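Residue-level listing of the chains:
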Amino acid sequence: MIQDGQFRRQYTTTQQKVLTYLKNGIKKGDRYFKSRYIAKDLGLSSKEVGMNLAILAETCEELEIIRWSYSNSTTWMIRQQANAPDGVG
C-alpha cells in the first residue's frame, strides 16, 4: 500500500499489537514502558516483547523507541516522532 508517496511499512502481527499498545499508552500520557508489563498485558513473553521492540526501534517511523534501563526488566522510553503525523495508528 502506498501512502503519501511512500511505501507503508508492514509489521508482523506481534509488532502491530505492541505498536497499538504503545500508542494507546502515549495517548494516556505514558512515556516509559517495561517489557514484562507489556508482555503480561498482551499475552507475550518478555523476550518476545524485547526482541520486537528492538526491531521496531530501528524500523518504526511513527514512534521513537529507546532502550532506557535494564533493572528488573528492560524499560523503554517511547515518544511520538517529531515528523510523524498526529493520530497515526
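Whatever comes next refers back to the structure up there.
Quick caveat, the model's predicted, so the values are computed rather than measured.

Draft legend 1. Just helix H1 (residues 13–27), in detail. Its 15 residues give H1 an end-to-end C-alpha distance of 21 Å, which sits within 8% of 21 Å, the value for a rise of 1.5 Å per residue. Residues of H1 that are buried: Gln15, Val18, Leu19, Leu22, Lys23 and Gly25. An end-on view of H1 places all buried positions within 160° of arc, on one side of the element. Exposed side chains of H1 directed beyond 90 degrees from the buried face belong to Thr13 and Lys27. Against strand E3 (32–34), helix H2 (35–42), helix H3 (46–59), strand E4 (63–69) and strand E5 (75–80) lie the buried residues of H1. Immediately beyond the C-terminal end of H1, within one or two residues, lies Gly29, with a positive phi of roughly 100°.

Draft legend 2. Up close: the packing of aromatic side chains. Summed over all chains, the structure comprises two aromatic pairs. When the centroid spacing of 6.2 Å and the interplanar angle of 65° are considered together, the rings of Tyr21 and Phe33 count as edge-to-face. Taken as a pair, Tyr21 in helix H1 and Phe33 in strand E3 lie far apart in primary sequence, 12 residues in all. Centre to centre, the rings of Tyr32 and Trp68 are 5.6 Å apart; their planes meet at 55°, and the pair counts as tilted. With Tyr32 in strand E3 and Trp68 in strand E4, the pair connects residues that are 36 residues apart, well separated along the chain. What makes Tyr32 partly exposed here is its relative accessible area of 42%.

About the criteria used
Residues numbered from 1 in each chain as written. Predicted model: local features only at pLDDT ≥ 70, side-chain atom pairs only at ≥ 80, totals over all residues. Heavy atoms only, no water. Helix = DSSP H or I, 4+ residues; strand = E, 2+ residues; numbered from the N terminus. Expected span 1.5 Å × (residues − 1). Buried < 20%, exposed > 50% of the residue type's maximum accessible area, 1.4 Å probe, protein only. Arc of directions from axis to C-beta. Contact = heavy atoms within 4.5 Å. Phe/Tyr/Trp six-rings, centres within 6.5 Å; stacked < 30°, edge-to-face > 60°.

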